[in-house]
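Listed below are the residues making up each chain.
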Amino acid sequence: MPTFDASGDVQMHYLVDDFTEPWTEPETILLLHGNAESSLAWYAWVPRLARRFRVVRPDMRGYGASTPMPREFKWSLDVIIDDYARLMDSLGVSRFHLVGAKIGGIIARAFAARRPERVRTLTVIGSPPPLRKGAERIPALTEEFETQGVEHWARRTMAGRLGDRFPAAGVEWWITFMGRTPVSTLVGFNATINYSDIRADVPKIACPTLVITTDESGLASVEETRAWQRQIPDSELLVIDGNSYHVAASHAERCADAVLDFIARKTRDSRPGR
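In this text, all values refer to a predicted model and were calculated from it rather than measured experimentally.

**So, the overall build of the protein chain**
Looking only at helices and strands, one finds ten helices and eight strands in the protein chain. Computed over its C-alpha atoms, the radius of gyration of the protein chain comes to 18 Å, within 12% of the 19 Å expected for a compact globule of 274 residues. When burial is assessed residue by residue, the protein chain has 56% of its 274 residues classed as buried. Sequence-distant contacts, at least 24 apart, represent 77% of the contacts inside the protein chain between residues at least 6 apart. Surface summary for the protein chain: the accessible area is close to 11700 Å², and the carbon and sulfur share equals 51%. Across the protein chain, the mean location of the 34 positive side-chain charges is 3 Å away from that of the 35 negative side-chain charges.

And the structure:
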């Protein structure tokens, strides 16, 4: 797995999947995973996307094979955005399509608003509202992480994450996968980034944007999601039948196909003469 030097003491691991025709010059999609995940979370997306795009899948600092973060690390959205922007610089990609799931959708919205020159299109999937409720639970969650472990938390919360239609073996895989997250990373991240306020960023998003949710998501109702989606001038909302909030995992193929269709339409519409 390639490594990017995010800072002097932080190595960011990432994957590049490109199965396009070797004589073409494909556009690039950057995939931002959610909390307690890594680039592996996009396993079902790659076969769909990589025949048409160069797909970049980083492990956010602190997660996956990237360097774990100490509890006292000063997390901020700008630090994470800068990591991703400099990674794309190192790959020679000035503009790209940006896709974020769960908290990755918060980061992606802030990225698109604060670095508009970098983002061609934005897709936000199963992501919290611009101001997420529940910050009062941070002390209790910190105690749970530190005393019972990340896997305990993942198991306790997985039903809402994946819904009631996900295969049982898949649920166990996701519990183990998320349970590998370093406690030191999760404690700091949850107390800061997980409850970020991006209300000022949302109206500044200028690129074409697709928002995907389920009709029974535990993160927000369809009406609550539509309320902030409509603040983005060139945006669309896709509502999928289901009760999972991690729709990028529970409905991976459906979401990936929707992203491909959205990018194709917006790319076609932006051509000269249209």
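**As for unusual backbone geometry**
Non-glycine residue A36 carries a positive phi angle of around 60°. Mapped onto the secondary structure, A36 falls in the loop between β3 (28–32) and α1 (46–49). At K102, a position not held by glycine, the phi torsion is positive, near 50°. Following the sequence through the fold, K102 ends up in the loop between β5 (96–101) and α3 (103–114).

**A look at a nonpolar patch on the surface**
Nonpolar side chains collect at one region of the surface, where L40, Y43 and W173 lie side by side and expose about 270 Å² of accessible area between them. The partly exposed category is assigned to Y43, whose relative accessible area is 39%.

**Some thoughts on the layout of surface pockets**
Roughly 690 Å³ of internal volume is contained in the largest pocket. R132, K133, R137, Y195 and L219 are, among the 31 residues lining the largest pocket, the residues nearest its centre. Of all the secondary structure elements, the ones that give two or more residues to the lining of the largest pocket are α4 (138–148), α5 (150–162) and α8 (222–229). Of all the elements, α5 adds the most residues to the lining of the largest pocket, at five residues. Residues belonging to the lining of the largest pocket are distributed by class as follows: 16 nonpolar, seven polar and eight charged.

**Description of the packing of aromatic side chains**
All told, the structure shown has ten aromatic pairs when counted by the stated rule. Between the aromatic rings of F73 and W75, the centroid separation amounts to 5.1 Å while the plane-to-plane angle is 90°, which identifies the pairing as edge-to-face. Judged by its relative accessible area of 23%, F73 is partly exposed. Residue class for W75 comes out buried when judged on its relative accessible area of 8%. Plain terms: the ring middles of W173 and F177 are 4.8 Å apart, the flat faces sit at 25° to each other, and that makes the pair stacked. Linking W173 with F177, this pair stays in helix α6 (residues 168–179), spanning four residues, or about one helical turn. R109 extends its terminal NZ or CZ atom over the ring of W228, reaching a point 4.1 Å from the ring centre. The aromatic ring of W153 is capped on one face by R161, whose charged end is 5.1 Å from the ring centroid.

**With respect to the sheet that holds strand β2 (residues 10–17)**
Strand order across the open sheet formed by eight strands is β1-β2-β4-β3-β5-β6-β7-β8, with mixed pairing between neighbours. Edge positions in the sheet fall to β1 (3–7) and β8 (235–240), since each has one partner strand and no second. With direction set aside, neighbouring strand axes in the sheet form an average angle of 20°. Where β1 and β2 come together, four bridges link them in antiparallel fashion. Note on β2: the bridge partner recorded for S7 is V10. Along the sheet, helix α2 (residues 77–90) makes contact with β1, β2, β3, β4 (54–58) and β5, crossing β1 at roughly 135°.

Conventions and cut-offs
- The written sequence of each chain sets the order in which its residues are numbered from 1.
- Residue-level local features of this predicted model are given only where pLDDT is at least 70; pairs of side-chain atoms are given and counted only at 80 or more, and the full residue set underlies all totals for whole chains, interfaces and linings.
- Working from all heavy atoms in the structure, the side-chain values ignore hydrogens and water.
- Numbering of helices and strands runs from the N terminus, with a helix taken as a DSSP run of H or I at least four residues long and a strand as a DSSP run of E at least two residues long.
- As defined in this context, the radius of gyration uses C-alpha atoms, and a globule is described by 2.2 Å times the residue total to the power 0.38.
- Note on exposure labels: buried denotes an accessible area under 20% of the residue type's maximum, exposed denotes more than 50%, and partly exposed covers the range between, all computed with a 1.4 Å probe on protein chains only.
- Any two residues whose heavy atoms approach within 4.5 Å are treated as being in contact.
- Calculation of accessible area relied on Shrake-Rupley with a 1.4 Å probe; when residues are assessed, cover is drawn exclusively from the protein chains displayed.
- The sign given to each residue is positive for Lys and Arg and negative for Asp and Glu; His and the chain ends receive no count.
- Every charge is mapped to an atom, namely NZ of Lys, CZ of Arg, CG of Asp or CD of Glu.
- Residues forming no salt bridge and having over 30% relative accessible area are the ones grouped into patches, like charges within 9 Å of each other and nonpolar side chains (Val, Leu, Ile, Met, Phe, Trp, Tyr) within 5 Å.
- Put simply, a salt bridge is a Lys or Arg side-chain nitrogen that is within 4 Å of an Asp or Glu carboxyl oxygen.
- Within this scheme a cavity is a closed region of a 1 Å grid, computed over the protein atoms alone, that accommodates a 1.4 Å probe without allowing it to escape, whereas a pocket is open but has protein on both sides within 12 Å along at least five of seven lines; lining residues each have an atom within 4 Å of a point.
- Grid points are joined across faces, edges and corners, and a volume is the space filled by probe spheres set on the points.
- The nonpolar class holds Ala, Val, Leu, Ile, Met, Phe, Trp, Tyr, Cys and Pro. Asp, Glu, Lys and Arg form the charged class, and all remaining residues, Gly among them, are polar.
- Stacked, tilted and edge-to-face are the three classes assigned to paired rings of Phe, Tyr and Trp, where Trp is represented by its six-membered ring and a pair needs centres within 6.5 Å; plane angles under 30 degrees give stacked, over 60 edge-to-face, the rest tilted.
- Lysine NZ or arginine CZ positioned within 6 Å of the ring centre and within 35 degrees of the ring normal marks a charge as sitting over the ring.
- A strand pair is defined by DSSP finding two or more bridges across the two strands.
- Lines are fitted to the C-alpha atoms to define the axes, a helix being fitted only along its stretch in contact, and any angle between axes, read from their N-to-C directions, falls within 0 to 180 degrees.

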